[in-house]
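Residues per chain, in single letters:
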Amino acid sequence: MDRSGVLLIWSGADFSFAACTALKTRFDETRCPVFVNTTGLSIWMKQSTSPGLIRAFSLLPASESVAKQNSIHLRTSQRLAALQSVTEDRITMIRTANYFQDNYRACCAAFRHAGSRLQGTQILQNRQLLHGMLRLPHSAAADPGIDWLYIGPAGKTERLLLLTSGLHGIEGYAGSALQQLFLNQLLAVELGASAARDTAFLFIHALNPYGFQHNRRTTVENIDLNRNFDTSADLYQTTNPGYDQLNCILNPERLISEADLDRESFLGVLNGLSQSHSERELTEAIARGQYNYERGIYYGGCMPAGQRGVIDSLLQNHLPHFRAVYAIDVHTGYGERGRLHYFPDAQSPEHKAAIQRLFRGYKIDWGDSEGFYSVTGEFVNYIGKLCRADQLYIPMIFEFGTLDSHTPFGGAISVHNMILENQLFHYGSQTDSIAAVVRQRFLEMFYPSDEAWRRAALDQGAAALRRTLQRFHQE
Ligand SMILES: [Zn+2]
């Protein structure tokens, strides 16, 4: 028996019986031993002679009895039949910690490693794997680039999933984790499913390397990339009168003092504003994007950022070959804590209808819905403008909520964090301890240290990816 690989299935996540059977069939071809297990994963990993070739998947048992049956190592397809009652209602991923790293470089390394361990494996049979790095213009040799990875059928191609992370720098931790999880766990299931035969996958990792590396949302030029993308230069002439009125509050031009850290007093300022503005007006004015204040928050720039050209050339190599494109850009920070919001800003009825088909049964937070806001210069909408009229385009933002920004208090805290971090960057603080508080609040807002939050983010992200991809394969 060829023991160069092991298929290990353990309980705890949401793969359908059909997906398992498809996987098992593929591994039977390579005569790998198959085990189903609920515990002892780490033991198996250590015992394997070639752990890099282990493909591990998990199942959520429909009942305790199934869980007990699975607790014994199983070698036969007969026992796999016991998993037939597995439901797809909820994922619980076990190895969450493996996908979250504490700094930009470790995230890049983990992403590259996830790609490199696919090279030459069975699951890439009849598929090509391409990868590379996009170098931003005017960057020095030592500056980080943007990693990308493409996996697609060698022959006919129909559909493309584009999964991107780190457009907002510091928000890249969760996006990177979801990409790593996809490459390490979901991809093999996807490729084993016959419905995915004509589907390709393009991952772009850490679209804003500077912001990610320095735990900022913006580029080195203070540009918010999700306000910077459009095919028309008119974007940079966009006015935002509501922002003009608030500029002195949003962008104080002085050192941060101890008093500035006080959240209650900032809440008082916002409460004062709410006498003359509705909550919706305030949110739109602040967050929609502005093109006048280059040191201000939500600054969309005066011209395309360096990312635009390199992304264009990468996408021009791939996009034209597909009949349908599903783009997911992963973000964190806004919405209910611990919840994944589906936050598209559909630009056409066709986009909207396609989103509704894929996300049937999910609550969609349209850009014009309560507590959310529409945005100018949005990245996923830009990609839609690069697509031909005869291509189906499905844009989506995954937004993992952290501070309950949909509530007045959470919204105020979120804006306060944004203001202070930006003020610190441009003007500094009176003491180092003030700077540390500002940075810590900002990091917690976009990359919570709470393990439960991280687990919930990956669980929901993986489940939504699986479910919507199954529907995308039917498009
Ligand atoms: Zn974001």
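Student: Can you walk me through the overall build of the protein in this structure?
Tutor: If you tally the helices and strands in the protein, you get 16 helices and ten strands. For the protein, with 475 residues in total, the buried portion stands at 46%. In the protein, the proportion of contacts linking residues at least 24 apart, taken out of those at least 6 apart, comes to 82%.

Student: What am I meant to see in the pairing of strand S8 (residues 324-333) here?
Tutor: Two faces, one strand: in a regular strand the side chains alternate between the faces of the sheet. Within S8, nine of the ten residues are buried, which leaves the element mostly enclosed by the surrounding structure. Here strand S6 (residues 159-164) pairs with S8 via six bridges, running parallel. Within the sheet, the bridge partner assigned to Leu-160 lies in S8 and is Val-325.

Student: Is there a simple way to explain the packing of helix H5 (residues 104-116) against helix H6 (residues 172-192) in this structure?
Tutor: If you want to describe how two helices pack, look at the angle between their axes and the distance between the axes. Axis separation between H5 and H6 bottoms out at 9 Å; the angle between their running directions is 15°. Comparing the axis directions of H5 and H6 gives the class roughly parallel. The crossing of H5 and H6 is left-handed. Contacts between H5 and H6 pair Cys-107, Ala-110, Phe-111, Ala-114 and Gly-115 from the former with Gly-172, Tyr-173, Ser-176, Gln-179, Gln-180, Leu-183 and Asn-184 from the latter. Of the residues assigned to the contact of H5 with H6, the class counts are six nonpolar, six polar and no charged.

Student: Even after reading the chapter, I still don't get the nonpolar core, so can you show me in this structure?
Tutor: It is characteristic of soluble globular proteins that their nonpolar side chains tend to be buried jointly. Within the largest apolar cluster, 100 residues are counted, with the highest numbers of intra-cluster contacts made by Leu-202, Val-325 and Met-396. Sorting elements by how many residues they give to this core places H6 first, with twelve residues. Not counting chain neighbours up to four residues away, the residues in contact with Val-325 comprise Leu-160, Leu-162, Leu-319, Cys-387, Gln-391, Tyr-393 and Ile-394.

Student: For this particular structure, what's the right way to read the sheet that holds S8?
Tutor: Two modes of strand pairing occur in sheets, parallel and antiparallel, and in both the strands are linked by backbone hydrogen bonds. The mixed open sheet is built from seven strands, whose spatial order is S4-S5-S7-S6-S8-S10-S9. Either end of the sheet is taken by a strand with one partner, and the two such strands are strand S4 (127-134) and strand S9 (340-342). Within this sheet the neighbouring strands show an average axis-to-axis angle of 15°, counted without direction. Pairing analysis gives eight bridges linking S4 to strand S5 (residues 146-153), with the strands arranged antiparallel. Looking across to S5, one finds that Leu-129 is bridged to Ile-151. Contacts from H5 reach S4, S5 and strand S7 (199-205), with the element oriented near 20° to S5.

Student: What exactly am I supposed to notice about helix H15 (residues 432-446) here?
Tutor: An α-helical turn contains 3.6 residues, so any two residues separated by three or four positions project in the same direction. Helix length check: H15 (15 residues) gives 21 Å between terminal C-alpha atoms against 21 Å at 1.5 Å per residue, within 8%. Within H15, burial applies to Val-438, Phe-442, Met-445 and Phe-446. Angularly, the buried residues of H15 cover 85° about the axis, an arc narrow enough to put them on a single face. Opposite the buried face of H15, by more than 90 degrees, sit the exposed residues Asp-432, Ser-433, Ala-436 and Gln-440. On its buried face, H15 sits against S8 and helix H14 (408-427).

Student: Sorry if this is basic, but what is going on with the confidence of the model for the protein here?
Tutor: Caution applies to low-pLDDT parts of the model: their predicted coordinates are not meant to be read in detail. For the protein, the mean per-residue pLDDT works out to 81, and 79% of the residues sit at or above 70. Of all helices and strands in the protein, the one with the weakest mean pLDDT is helix H2 (residues 41-47) (31), whereas H15 scores best (98). Below pLDDT 50 for its whole length, residues 1-95 participates in 146 contacts with residues either more than four positions away or in separate chains.

Student: Could you clarify how one ought to interpret helix H13 (residues 379-386) in this entry?
Tutor: Counting buried positions along H13 yields six of eight residues, so the element is predominantly enclosed. Listed in full, the buried residues belonging to H13 are Phe-379, Val-380, Asn-381, Tyr-382, Ile-383 and Gly-384.

Student: Could you clarify how one ought to interpret the packing of H14 against H15 in this entry?
Tutor: At a minimum axis separation of 9 Å, H14 and H15 run at an interaxial angle of 130°. Judged on the interaxial angle alone, H15 and H14 are oblique. For the pair H14 and H15, the sense of crossing is left-handed. For the pair formed by H14 and H15, the contact residues are Ser-414, Asn-417, Leu-420, Glu-421 and Leu-424 on the first element and Ala-435, Val-438, Arg-441, Phe-442 and Met-445 on the second.

Student: Hey, could you run me through unusual backbone geometry in this one?
Tutor: The general pattern is negative phi for most residues beyond glycine and trans for most peptide bonds. Its identity as a non-glycine residue notwithstanding, Asn-126 has a phi of 60°, on the positive side. Structurally, the position occupied by Asn-126 is in the loop between H5 and S4. For Asn-126, a count of 9 C-beta atoms within 10 Å corresponds to the exposed category. One non-glycine residue with positive phi stands out, namely Asn-222, at about 70°. Structurally, the position occupied by Asn-222 is in the loop between helix H7 (209-213) and helix H8 (241-250).

Student: How should the environment of Cys-302 be read in this particular structure?
Tutor: Among the structural elements, Cys-302 can be located in the loop between helix H10 (279-287) and helix H11 (306-318). Owing to 15 C-beta atoms within 10 Å, Cys-302 belongs among the partly exposed residues under this scheme. Setting aside residues up to four positions removed in sequence, Cys-302 forms contacts with Tyr-236 and Tyr-291.

Conventions used here
Residues numbered from 1 in each chain as written. Predicted model: local features only at pLDDT ≥ 70, side-chain atom pairs only at ≥ 80, totals over all residues. Helix = DSSP H or I, 4+ residues; strand = E, 2+ residues; numbered from the N terminus. Buried ≥ 20, exposed ≤ 12 C-beta atoms within 10 Å, placed from the backbone. Contact = placed C-beta atoms within 7 Å. Pairing = 2+ DSSP bridges. Axes fitted to C-alpha atoms, helices over the stretch in contact; angles between N-to-C directions. Parallel < 35°, antiparallel > 145°, perpendicular 65-115°, else oblique. Left-handed = near helix turned anticlockwise from the far one by under 90°. Nonpolar A, V, L, I, M, F, W, Y, C, P; charged D, E, K, R; others polar. Core = buried A, V, L, I, M, F, W, Y, C linked by C-beta atoms within 7 Å. Expected span 1.5 Å × (residues − 1). Arc of directions from axis to C-beta. pLDDT = per-residue confidence, 0-100.

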